[in-house]
Amino acid sequence: MDQQPQTVGENYANPKTCFFHVLFKAAALAFYILSALFVNNFVIIFVITVLLAALDFWVVKNVSGRILVGLRWWNEINDEGESVWKFECLDAESLARMNKKDSFLFWWTLYLTAAAWIVLGVFSLIRLQADYLLVIGVCMSLSIANIVGFTKCNKDAKKNLQDWTRNALLSEGVRSRLQSAFGV
């Protein structure tokens, strides 16, 4: 029996990390939305929703960001009391080998979660539920903090990659090989 080689599209390189990356986002959103149907206690809704959003924030910032896109960020206060952003990224070669599906899932869920919280905030405004805006505000702040941190980190990583490429191309070895290849 002849077996044809199967051409399978690129799979997720880190399915467990992808699962947990999505799990806490979905859990916070689902609990908030469904709690209106089953729970009549604002304090419980607030605590559980914010706890799930905080777990999501931590998992994204410290685990899935490192594994899925090779980035990590944090913010420190220096001796002068100024906020200083710190960024970590894999080397250029490792970043180039990152799984495209993992990266796609990471970035899209990061932005879609913030968009979902914004939509829920608009609904709370329309229904004049100011107390629920507090829950949404906390969750949206955590989500947007990750977006800002990872976007800045990604820009820093791209800048470092460009600098590395430029330095590699301008290095003496490459320049001498180009000169000898073209007889200059």
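In this text the structure is predicted, and so the values were computed from the model without any measurement.

**Things to note about the overall build of the protein chain**
- In terms of helices and strands, the protein chain carries six helices and two strands.
- N-terminal to C-terminal, the α/β element order of the protein chain is α-α-β-β-α-α-α-α.
- Counting contacts in the protein chain only where the partners sit at least 6 residues apart, residues at least 24 apart contribute 69% of the total.
- Element-wise, carbon and sulfur atoms account for 65% of the exposed surface of the protein chain, whose accessible area totals about 12,100 Å².

**Topic: the side chain of asparagine 146**
- Within the element layout of this structure, asparagine 146 appears in helix H5 (residues 130-170).
- Beyond its immediate sequence surroundings of up to four residues, asparagine 146 is in contact with Asp56, Phe57, Val60, Lys61, Trp73 and Leu110.

**Looking at the side chain of aspartate 56**
- Assignment of secondary structure puts aspartate 56 in helix H2 (residues 42-69).
- Under the relative-accessibility criterion, aspartate 56 is labelled buried at 9%.
- Among all residues touching aspartate 56, those that are not within four sequence positions of it are His21, Phe24, Lys25 and Asn146.

**Quick notes on empty space enclosed by the protein**
- Throughout the structure, instances matching the rule amount to two cavities of 30 Å³ or more.
- By volume, the largest cavity amounts to about 50 Å³.
- Surrounding the largest cavity, Lys25, Ala28, Ala53, Asp56, Thr113, Trp117, Cys139 and Ser143 form its lining.
- Elements with a minimum of two residues in the lining of the largest cavity: helix H1 (15-38), H2, helix H4 (100-126) and H5.
- Across the lining of the largest cavity, the residue classes break down as four nonpolar, two polar and two charged.
- Its volume calculated, the second largest cavity comes out at about 30 Å³.

**Description of unusual backbone geometry**
- Despite not being glycine, leucine 128 shows a phi value in the positive range, around 55°.
- With respect to the helices, strands and loops of the structure, leucine 128 is situated in the loop between H4 and H5.

**Details of the layout of surface pockets**
- By volume, the second largest pocket amounts to about 210 Å³.
- Lining of the second largest pocket is provided by Tyr32, Ile33, Ser35, Ala36, Val39, Asn40, Ile45, Leu120, Phe123, Arg127, Gln129 and Tyr132.
- Contributions of two or more residues to the lining of the second largest pocket are made by H1 and H4.
- Top element by residues in the lining of the second largest pocket is H1. It accounts for four residues.
- Residues belonging to the lining of the second largest pocket are distributed by class as follows: eight nonpolar, three polar and one charged.

**Let's talk about the environment of serine 83**
- Along the chain, the position of serine 83 falls in strand S2 (residues 83-89).
- Judged by relative accessible area, which is 47%, serine 83 ranks as partly exposed.
- Those residues within four positions of serine 83 in sequence are excluded, and the remaining contacts are Asn75, Glu76 and Ile77.
- Reaching out from serine 83, the side chain makes a polar contact with the side chain of asparagine 75 at a distance of 2.7 Å.

**Thoughts on the UniProt feature "transmembrane region" (unreviewed entry) in the protein chain**
- As annotated in UniProt, the feature "transmembrane region" (unreviewed entry) corresponds to residues 29-59, 104-126 and 132-151 in the numbering used here.
- End C-alpha to end C-alpha, residues 29-59 measures 16 Å, and it is 90% helix and 0% strand.
- Secondary structure across residues 132-151 divides into 100% helix and 0% strand, with the first and last C-alpha atoms of the span separated by 28 Å.

Cut-offs applied
Every chain begins its residue count from 1, and numbering advances along the sequence as written. Totals for whole chains, interfaces and linings use every residue, but because this is a predicted model, local features are given only for residues with pLDDT of at least 70 and side-chain atom pairs only at 80 or more, for both listing and counting. Hydrogen atoms and water are omitted, and side-chain values are computed over all heavy atoms in the structure. Secondary structure elements follow DSSP: runs of H or I no shorter than four residues count as helices, runs of E no shorter than two count as strands, and numbering proceeds from the N terminus. Residues count as neighbours in contact if any of their non-hydrogen atoms are within 4.5 Å of one another. Computed with the Shrake-Rupley method and a 1.4 Å probe, the accessible areas treat only the protein chains shown as cover for residues. Exposure categories follow from relative accessible area, calculated using a 1.4 Å probe and restricted to protein chains: below 20% of the type maximum is buried, above 50% is exposed, and the middle band is partly exposed. Residues are said to line a cavity or pocket when one of their atoms sits within 4 Å of a point; the points come from a 1 Å grid over protein atoms alone, cavities being sets where a 1.4 Å probe fits but cannot get out and pockets being open sets with protein on both sides within 12 Å along at least five of seven lines. Grid points are joined across faces, edges and corners, and a volume is the space filled by probe spheres set on the points. Only Asp, Glu, Lys and Arg are considered charged, only Ala, Val, Leu, Ile, Met, Phe, Trp, Tyr, Cys and Pro nonpolar, and every remaining residue, Gly among them, polar. Any pair of nitrogen or oxygen atoms within 3.5 Å is treated as a polar contact; in protein, a donor-acceptor pairing is required on top of that, and neighbouring residues in sequence qualify only through side-chain atoms on both sides. UniProt positions are given in the numbering used here, feature names are shortened, and annotations may be inferred rather than shown by experiment.

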